[in-house]
Amino acid sequence: MQKQIIYFDHAATTYVKPEVFEAMKPYFLQEYGNPSSIYSIGRSNRKAVEDARISVAKSLGAAEPSEIYFTGSGTEADNWAIKGAAQALRKKGKHIITSSIEHPAVMATCEFLKKEGYDLTIIPVDSEGLVHPDDVDKAIRPDTVIVSIMMANNEIGTIQPIKEIAQVCRKHGVLFHTDAVQAAGNIPIDVKDLGVDLLSVSGHKFYGPKGTGVLYIRKGVRIENFIHGGHQERNRRAGTENVPGIVGLAKALELAVENMDAHTRKLTSLRDRALKGITERIPYVRVNGSLERRLPGNLNVSFRFVEGESVLLMLDMKGIKASSGSACTSGSLDPSHVLLAIGLPHEIAHGSLRLSFGEINTEEEVDYLVDSLVEILDKLRNMSPLYEDFVKGENKNV
């Protein structure tokens with residue numbers, strides 16, 4: 001069985017659902033007014049933005065719609081949360097805490113602030129990629145201004161104990177931000193119950209449009225503005241609002257929350273089917289990340305004696321689109337910092353594959369994937385002198 005494209009990279013981006021596209025269309029074609037204008041098509045756009053704000057607040061469990069701010073991406077939301085908090089609280093201190101497996105949107109922001117004179121503590125994770133709340137507790141100092149720990153990891157799918165970490169931060173009076181870009185639409189989020197101060201979301205991860213994001217800012221939390229200019233977003237984020245994108249994001253998140261139970265069941269079933277097939281039919285495989293605390297559609301595996309990039313290219317030739325745990329495809333010779341952080345040696349980290357399943361995927365596609373991987377791994381390992389030496393060594397020990 002083979003299709004032209006079989007897409008197993010939903011953690012990278014998703015398509016826009018037809019219902020979302022239909023909700024957006026009028027704001028491209030008819031309702032194109034500037035929301036800041038006082039005439040009718042401006043006012044109707046303003047109402048569309050505010051209705052979307054109400055919808056997103058409900059989907060995330062926010063106390064008030066005024067806690068929701070629309071951004072141009074999850075990356076922007078991460079930058080705004082961390083830089084804004086650091087700048088607003090610099091008189092209190094200049095210490096920031098994050099983890100060793102954060103997305104570059106958080107990690108690079110923290111490194112930027114480090115160059116600006118802030119102290120940075122990077123908390124390690126265990127072999128499953130979990131941050132332990134006790135480690136956060138020990139790392140907090142009197143001059144700590146913000147802690148940023150992602151809700152779910154984009155590579156290995158591990159879901160963090162966010163509520164417990166938030167309680168630690170609240171005990172110390174320190175702001176807590178979580179990057180929920182991978183989590184939103186895949187697991188339930190209730191910001192009041194979690195107790196977070198700041199939370200980032202990206203629309204294109206849950207079948208919404210690209211170029212859209214959200215920053216939740218809990219009422220009473222003060223952070224500096226990130227983009228200056230106009231008076232949009234209640235004077236907090238300048239720039240004419242992306243009305244179609246905002247409407248689309250709100251609709252996509254609403255659909256994700258409504259259908260989450262069915263979504264979770266399907267993606268978990270596909271993931272487990274792939275996991276069973278790969279581990280039963282391919283030797284020398286390691287599963288990366290927690291099996292219990294894991295996003296439903298995420299599977300990250302390492303194949304010994306091969307390069308992840310080679311596996312990716314050969315899958316692509318068979319019409320299968322996936323992602324590697326190795327950064328080779330971005331032009332770097334270094335393996336994923338996430339895989340190194342959970343203790344993988346370089347040679348195994350380089351042979352990693354991330355599969356992220358979506359609502360369009362089928363069991364037949366998963367079976368074709370497993371069959372393809374069996375063939376590809378056999379071919380690549382037969383060309384590997386490392387594998388040949390390993391097999392010879394094993395046979396000597398029999």
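Residues numbered from 1 in each chain as written. Predicted model: local features only at pLDDT ≥ 70, side-chain atom pairs only at ≥ 80, totals over all residues. Heavy atoms only, no water.

Asker: Residue-level account of the nonpolar core, with values.
Answerer: In this structure, Leu60, Ile189 and Leu199 are the most contacted members of the largest nonpolar core, which totals 61 residues. Of all the elements, helix H10 (residues 243–258) adds the most residues to this core, at 8 residues. Leu60 has contacts with Ile68, Ile189, Asp190, Val191, Leu199, Val201, Val214 and Leu253, leaving out every residue within four places of it along the chain. Of all hydrophobic cores here, the second largest spans 29 residues; its members include Ile282, Val301, Val311 and Tyr368. (Core = buried A, V, L, I, M, F, W, Y, C linked by side-chain atoms within 4.5 Å. Buried < 20%, exposed > 50% of the residue type's maximum accessible area, 1.4 Å probe, protein only. Helix = DSSP H or I, 4+ residues; strand = E, 2+ residues; numbered from the N terminus. Contact = heavy atoms within 4.5 Å.)

Asker: Outline the side chain of Glu241, supporting the account with residue identities and numerical values.
Answerer: Along the chain, the position of Glu241 falls in the loop between helix H9 (232–235) and H10. Residue Glu241 is classed as buried on the basis of its relative accessible area of 8%. A polar contact of 2.8 Å, which involves the side chain of Glu241, links it to the side chain of Arg46. Residues within four places of Glu241 in sequence aside, it is in contact with Pro35, Ser36, Arg46, Val49, Gln232, Glu233 and Ile246. (Polar contact = N/O pair within 3.5 Å; in protein donor to acceptor, adjacent residues only side chain to side chain.)

Asker: Account for the pairing of strand E5 (residues 144–148), with residues named and values stated.
Answerer: Taken across its 5 residues, E5 has 5 buried, putting it largely inside the fold. As defined by bridge partners, E5 adjoins strand E6 (residues 175–179) across 3 bridges and the pair is classed as parallel. Looking across to E6, one finds that Val147 is bridged to Phe176. In this fold, E5 hands off to helix H7 (residues 162–172), which returns the chain to E6; that crossover is right-handed. (Pairing = 2+ DSSP bridges. Right-handed = clockwise from strand over helix to strand, strands pointing away.)

Asker: Describe the environment of Gly289, naming the residues involved and giving the relevant values.
Answerer: Locating Gly289 in the fold gives a position in the loop between strand E9 (285–287) and strand E10 (298–303). For the pair Gly289 and Asp378, spaced 89 residues apart in the sequence, the C-alpha separation amounts to 25 Å. Ignoring anything within four residues of it in the chain, the contact list for Gly289 reads Glu128, Ile156, Thr158, Arg294 and Ile342.

Asker: Go over the state of the cysteines, please, and point to the residues and values.
Answerer: The tally for this structure, following the rule as stated, stands at 0 disulfides. Its sulfur unpaired, Cys110 is 13 Å from the next cysteine sulfur, which belongs to Cys169. (Disulfide = S-S within 2.5 Å.)

Asker: Go over the sheet that holds strand E13 (residues 352–356), please, and point to the residues and values.
Answerer: The strand order across the open sheet formed by 4 strands is E9-E10-E13-E12, and the pairing between neighbours is antiparallel. Edge strands, defined here as strands with exactly one partner in the open sheet, are E9 and strand E12 (323–324). Alignment of E12 against E13, held across 2 bridges, turns out to be antiparallel. Within E13, the residue paired with Ser323 across the bridge is Arg354. Its contacts with the sheet place helix H11 (residues 260–281) against E9, E10 and E13, and it is angled at close to 15° to E10. (Axes fitted to C-alpha atoms, helices over the stretch in contact; angles between N-to-C directions.)

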